[in-house]
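Observations on the model geometry
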Amino acid sequence: QLVESGGGLVQAGDSLRLSCAASGRTVGGYSVGWFRQAPGKEREFVGAISGSGGSTVYGDSVKGRFTISREDAKNTVYLQMNSLKPEDTAVYYCKASFRSAREFPKTDFQSWGQGTQVTVSS
């Protein structure tokens, strides 16, 4: 099970770091991706990191602002979000898979967790 945390209410331009922690399993060797869903909108791919941590891929809307990293010793993957905008407001989710990070945008994942709410005020 993956548990997302770290969300909150921030102002535009602020930074926030989300965590995706594995419980009862390891994230070691798995690619891990972040997605988000705003009210009334479809779920959107944010980014993903390979199992080795050697490669990352990001959605166009967050490139240059968000960074994904992993700390397998802590069974945790992070999403560092800088220069936040009101349009980043959404519930953020993480998923793990043996698929490559580049396949995450096209993968039809099931069984989403509760996610963590990020709200960016203008």
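Let me begin by describing the structure that accompanies this report. Keep in mind the model is a prediction, meaning the values are calculated, not measured. (Residues numbered from 1 in each chain as written. Predicted model: local features only at pLDDT ≥ 70, side-chain atom pairs only at ≥ 80, totals over all residues. Heavy atoms only, no water.)

Looking at the state of the cysteines
- A complete count under the given rule lists one disulfide for this structure.
- Here Cys 20 engages in a disulfide with Cys 94; their sulfurs sit 2.1 Å apart. Disulfide Cys 20 to Cys 94: torsion about the S-S bond roughly 80°, handedness right-handed. Of the two residues, Cys 20 sits in strand β3 (residues 16-22) while Cys 94 sits in strand β9 (residues 90-97), which places them 74 residues apart along the sequence.
- Note on Cys 20: relative accessible area 0%, which makes it buried.
- Among the residues examined, Cys 94 registers a relative accessible area of 3% and is labelled buried. (Disulfide = S-S within 2.5 Å. Helix = DSSP H or I, 4+ residues; strand = E, 2+ residues; numbered from the N terminus. Buried < 20%, exposed > 50% of the residue type's maximum accessible area, 1.4 Å probe, protein only.)

What about the nonpolar core?
- By size, the foremost hydrophobic cluster in this structure holds 26 residues, and its most contacted members are Leu 18, Val 32, Trp 34, Phe 66, Leu 79, Met 81 and Tyr 92.
- Those elements giving two or more residues to this core turn out to be β3, β4 (31-37), β5 (44-49), β7 (66-71), β8 (76-81), β9 and β10 (116-121).
- Core analysis: the next-biggest nonpolar cluster, separate from the first, contains six residues, Ala 48, Ala 101, Phe 104 and Phe 109 among them. (Core = buried A, V, L, I, M, F, W, Y, C linked by side-chain atoms within 4.5 Å.)

A look at the pattern of salt bridges
- For the structure shown, the criterion picks out seven salt bridges.
- In this structure, Arg 65 engages Asp 88 in a salt bridge whose closest nitrogen and oxygen atoms are separated by 2.8 Å. Taken together, the residues Arg 65 in the loop between β6 (56-58) and β7 and Asp 88 in the loop between β8 and β9 connect sequence positions 23 residues apart. Both residues of the pair, Arg 65 and Asp 88, count as buried. (Salt bridge = Lys/Arg side-chain N within 4 Å of Asp/Glu carboxyl O.)

Some points on the sheet that holds β6
- Across the sheet, six strands lie side by side as β2-β10-β9-β4-β5-β6; this open sheet has mixed pairing. At either end of the open sheet lies a strand with only one pairing partner, and these are β2 (8-11) and β6. Each adjacent strand pair in this sheet contributes to an overall mean axis angle of 25°, direction not counted.
- Across seven bridges, the pairing between β4 and β9 is antiparallel. Paired with Arg 36 across the strands is Tyr 92, a residue of β9. (Pairing = 2+ DSSP bridges. Axes fitted to C-alpha atoms, helices over the stretch in contact; angles between N-to-C directions.)

Things to note about the sheet that holds β3
- Within the open sheet, the four strands sit side by side as β1-β3-β8-β7. Their pairing is antiparallel. In this open sheet, the two strands that pair with only one neighbour each are β1 (2-5) and β7. Strand-to-strand twist in this sheet, taken as the mean axis angle between neighbours without regard to direction, amounts to 15°.
- By the bridge criterion, six bridges tie β7 to β8 in an arrangement that is antiparallel. From the neighbouring strand, Thr 67 faces β8, where its bridge partner is Gln 80.

Some words on the packing of aromatic side chains
- Per the counting criterion, the structure on display carries eight aromatic pairs.
- Ring centres of Phe 35 and Phe 45 lie 5.6 Å apart, and the angle between their planes is 70°; on these two criteria the pair is classed as edge-to-face. Here Phe 35 is found in strand β4, whereas its partner Phe 45 is found in strand β5, with 10 residues between them in sequence. This pair shows no difference in class: Phe 35 is buried, exactly as Phe 45 is.
- Assessed through its relative accessible area of 5%, Phe 35 is described here as buried.
- Ring-pair connections join several aromatic residues into one group, and the members of that group are Phe 35, Phe 45, Tyr 93, Phe 104, Phe 109 and Trp 112.
- The ring of Tyr 30 is capped by Arg 25, whose NZ or CZ atom sits 4.6 Å from the centre of that ring. (Phe/Tyr/Trp six-rings, centres within 6.5 Å; stacked < 30°, edge-to-face > 60°. Lys NZ or Arg CZ within 6 Å of the ring centre and 35° of its normal.)

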